[in-house]
Amino acid sequence: MGEVVTRDRLREIRERAKLHSKKVVFTNGCFDILHRGHIEYLRKARSLGDILVIGLNTDKSVRAIKGKGRPIVPEEDRAFLLCELRSVDYVCLFDEETPALLIDFLTPDVLVKGGDYAIDEVVGKDTVEASGGEVVIIPEVKGKSTSSIVDIISRRTCS
């Protein structure tokens, strides 16, 4: 079972991982309506190392990125759900629109993003590669996205 942690606690976790030659994998996102695409993505991300850390956008951050109607699920609930997943070790919330500061702070061994990103668009890529880490793009699961779920709900309730 995962744990919600502060940035300071994340630093301790990172130091301990280095000491024990454990590979830290980092990914981030809103994870607003948890679905199969998220689960498969996180399972694949976890398989790339020993510890999976998720940077979770706070409600404020999600609103700045996605607009007034989002998030649908509040940050406390999103964090709780992620922590209940077998593949997730730690969740750290961040207020910024991008995880750049959190990635600089953590300097993971592997930075993972979904297939909707091109490698050159990945925030934190330079930081991770400069420290000898790698950036991995995991392909999307077709038809499995929060946006598609929101669209289905909208069509069904407006019909």
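Look up a bit, the structure's there.
What comes next is a walk through the structure. (Residues numbered from 1 in each chain as written. Predicted model: local features only at pLDDT ≥ 70, side-chain atom pairs only at ≥ 80, totals over all residues. Heavy atoms only, no water.)

Focus: the overall build of the protein
- Looking only at helices and strands, one finds 7 helices and 6 strands in the protein.
- Overall, the protein shows an N-to-C arrangement of helices and strands of β-α-β-α-β-α-α-β-α-β-α-β-α.
- Taken over C-alpha atoms, the radius of gyration comes to 15 Å for the protein, in line with the 15 Å a tight globule of 159 residues would show.
- Taken over the C-alpha atoms alone, the protein extends approximately 55 × 30 × 30 Å along its principal axes. (Helix = DSSP H or I, 4+ residues; strand = E, 2+ residues; numbered from the N terminus. Rg over C-alpha atoms; globule rule 2.2 N^0.38 Å.)

Brief notes about a negative patch on the surface
- Taken together, the side chains of Asp116, Asp120, Glu121 and Glu140 present a region of like negative charge at the surface.
- Mapping Glu140 onto the fold places it in the loop between β6 (134–138) and α7 (146–158).
- For Glu140, a relative accessible area of 48% puts it in the partly exposed group. (Patch = residues over 30% accessible without salt bridge, like charges linked within 9 Å, V, L, I, M, F, W, Y side chains within 5 Å. Areas by Shrake-Rupley, 256 points an atom, 1.4 Å probe, with all protein chains shown as cover. Salt bridge = Lys/Arg side-chain N within 4 Å of Asp/Glu carboxyl O. Lys, Arg positive; Asp, Glu negative; His and termini not counted. Charge placed at Lys NZ, Arg CZ, Asp CG, Glu CD. Buried < 20%, exposed > 50% of the residue type's maximum accessible area, 1.4 Å probe, protein only.)

A word on the environment of Ile153
- Following the sequence through the fold, Ile153 ends up in helix α7.
- Assessed through its relative accessible area of 45%, Ile153 is described here as partly exposed.
- Distance in space between the C-alpha atoms of Ile153 and Thr107 is 38 Å, their sequence separation being 46 residues.

Some words on the sheet that holds strand β1 (residues 3–4)
- Ordered by their spatial adjacency, 6 strands build an open sheet running β1-β4-β3-β2-β5-β6, and the pairing between neighbours is parallel. The two strands at the open ends of the sheet, each matched to only one other strand, are β1 and β6.
- Looking at chain direction, strand β2 (residues 24–29) and strand β5 (residues 110–114) are connected through 2 bridges and run parallel. Note on β5: the bridge partner recorded for Val25 is Val110. (Pairing = 2+ DSSP bridges.)

A look at the packing of aromatic side chains
- A full pass over the atoms with the stated rule returns 0 aromatic pairs.
- Above the plane of the ring of Phe105 lies Arg11, whose end atom (NZ or CZ) is 4.0 Å from the centre. (Phe/Tyr/Trp six-rings, centres within 6.5 Å; stacked < 30°, edge-to-face > 60°. Lys NZ or Arg CZ within 6 Å of the ring centre and 35° of its normal.)

Describing the pairing of β2
- In terms of residue burial, β2 counts as a mostly covered element, since 6 of its 6 residues are buried.
- Of the two faces of β2, the one carrying Val24, Phe26 and Asn28 and the one carrying Val25, Thr27 and Gly29 are both buried.

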